[in-house]
Amino acid sequence: MSHDLPLAPEPISTQALRGLALRCPKCGQGRLFRAYLKPVESCASCGETYGHIRADDGPAWLTILVVGHIVISLVLTFEPQLDWPEWASMLAWSGLSLAMILALLPSAKGLFITLIWRSKGPGSERET
Ligand SMILES: [Zn+2]
């Protein structure tokens, strides 16, 4: 594909999936994060800049929303049938919640960075 031709705008679903997969939403090749939740300054593959985008509390809100619904559903379904001591239940369900939160938080942040980048929002703490 020649780079001289104008590229058709990509669907938001494609870009959102790239963000969820922790990839650059523009090209899908470069990594979006240089550490667990630290976005790269710019994509190593296409050069698109992301370092100025601040997702703030959005990723935490989305993660809790998703994990809360899943874990509460599991607790309400299985807890009445389990004959565990209370301490074991509390440890198991909070451990599951914590593991899911840590696993999903980067993808939630990738999604928010993608949406802020796509909407061309300044998303910046530097511009004031
Ligand atoms: Zn890229």
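Cut-offs and rules
- Residues numbered from 1 in each chain as written.
- Predicted model: local features only at pLDDT ≥ 70, side-chain atom pairs only at ≥ 80, totals over all residues.
- Heavy atoms only, no water.
- Donors = N, O, S within 2.8 Å, 3.2 Å for Na, K, Ca; no water.
- Tetrahedral: all angles 85-135°; square planar, octahedral: opposite > 155°, others 65-115°.
- Helix = DSSP H or I, 4+ residues; strand = E, 2+ residues; numbered from the N terminus.
- Buried < 20%, exposed > 50% of the residue type's maximum accessible area, 1.4 Å probe, protein only.
- Core = buried A, V, L, I, M, F, W, Y, C linked by side-chain atoms within 4.5 Å.
- Contact = heavy atoms within 4.5 Å.
- Axes fitted to C-alpha atoms, helices over the stretch in contact; angles between N-to-C directions.
- Parallel < 35°, antiparallel > 145°, perpendicular 65-115°, else oblique.
- Left-handed = near helix turned anticlockwise from the far one by under 90°.
- Nonpolar A, V, L, I, M, F, W, Y, C, P; charged D, E, K, R; others polar.

Undergrad: What exactly am I supposed to notice about the coordination of the zinc ion here?
TA: For a metal bound by four donors in tetrahedral geometry, the ideal donor-metal-donor angle is 109.5 degrees, whereas six donors in octahedral geometry ideally sit at 90 or 180 degrees. Donor atoms from the polypeptide that coordinate the zinc ion comprise Cys24 (SG), Cys27 (SG), Cys43 (SG) and Cys46 (SG), at 2.2 to 2.3 Å from the metal. One way to put it: the 4 donor atoms around the zinc ion meet at angles of 108 to 115 degrees, and that makes the site tetrahedral. Counting residues between consecutive donors of the zinc ion along the chain gives the motif C-x2-C-x15-C-x2-C. With Cys24 in the loop between helix H1 (12-20) and helix H2 (58-78) and Cys43 in the loop between H1 and H2, this pair connects stretches of sequence that are 19 residues apart. With relative accessibility at 0%, the residue Cys24 sits in the buried group.

Undergrad: Just to check I follow, could you spell out the nonpolar core for this structure?
TA: A general tendency of soluble globular proteins is for nonpolar side chains to be buried together. One finds Cys24, Cys27, Leu32, Phe33, Val40, Cys43, Tyr50, Ile53, Ile113, Ile116 and Trp117 forming the largest nonpolar core, which totals 11 residues. The contacts of Leu32, once residues within four sequence positions are left out, are Gly19, Leu22, Arg23, Cys24, Pro25, Lys38, Pro39, Val40, Tyr50, Gly110 and Ile113.

Undergrad: Help me out: how do you make sense of the packing of H1 against helix H3 (residues 86-118) in this one?
TA: Between two packed helices, what matters for the description is the angle formed by their axes and the separation of those axes. Direction vectors running N to C along H1 and H3 enclose 140 degrees, while the axes themselves pass 7 Å from each other. Considered as vectors, H1 and H3 are oriented oblique to each other. Along this stretch, H1 crosses H3, giving a crossing that reads as right-handed. In this structure, H1 uses Ile12, Gln15, Ala16, Gly19 and Leu20 to contact H3, whose residues at the interface are Ser107, Gly110, Leu111, Thr114, Leu115, Trp117 and Arg118. Per-class residue counts for the contact of H1 with H3 are 6 nonpolar, 5 polar and 1 charged.

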